[in-house]
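Below, each chain spelled out in residue letters.
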Amino acid sequence: MAKTFTITCYGETKEYPESQRKKMIKEFQTAMLCCDGSEAERYRNIYGDLIAGEKECMDTERPLSPEPEEMIKRMFTVQE
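Residues numbered from 1 in each chain as written. Predicted model: local features only at pLDDT ≥ 70, side-chain atom pairs only at ≥ 80, totals over all residues. Heavy atoms only, no water.

At a minimum axis distance of 9 Å, the contact between helix H1 (residues 21-34) and helix H2 (residues 37-52) shows a crossing angle of 155 degrees. By the angle between their directions, the pair H1 and H2 is classed as roughly antiparallel. As H1 packs across H2, the resulting crossing turns out to be left-handed. Between H1 and H2, the contacting residues are Arg21, Met24, Ile25, Phe28, Gln29, Ala31 and Met32 on the first element and Ala40, Tyr43, Arg44, Ile46, Tyr47, Asp49, Leu50 and Ile51 on the second. (Axes fitted to C-alpha atoms, helices over the stretch in contact; angles between N-to-C directions. Helix = DSSP H or I, 4+ residues; strand = E, 2+ residues; numbered from the N terminus. Parallel < 35°, antiparallel > 145°, perpendicular 65-115°, else oblique. Left-handed = near helix turned anticlockwise from the far one by under 90°. Contact = heavy atoms within 4.5 Å.)

Taken together, the three strands give an open sheet; going across it, the order is E2-E1-E3, and neighbouring strands pair in mixed fashion. The sheet is open, and its two edges are formed by strand E2 (12-17) and strand E3 (56-58), each paired on a single side. Going from strand to strand, the sheet's axes swing by 20 degrees on average, the running direction of each strand aside. Strand direction decides the pairing type here: strand E1 (residues 4-9) and E2, joined by six bridges, are antiparallel. Across the sheet, residue Phe5 finds its bridge partner in E2, namely Tyr16. Those strands touched by H1 are E1, E2 and E3, and its axis lies near 20 degrees from that of E1. Across the sheet, H2 touches E1 and E3, and the angle it forms with E3 is around 160 degrees. (Pairing = 2+ DSSP bridges.)

Rendered as structure tokens:
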């Protein structure tokens, strides 16, 4: 079976063969640079996932795993 990855953008998910990854990286890099604000942020999230080799690329930020999340909470907790 051929390797694939998915891109979810604006609620629509499409599947691509792994051979298209470099093309999609270029497309989302261009889109990211041509836009601003929240639209650019969406494309930046997908671009980052593509570069990282993720199988599922999303236009939303990935939640932190529990360990870094707890570490951040401890950093900003006021000690009495």
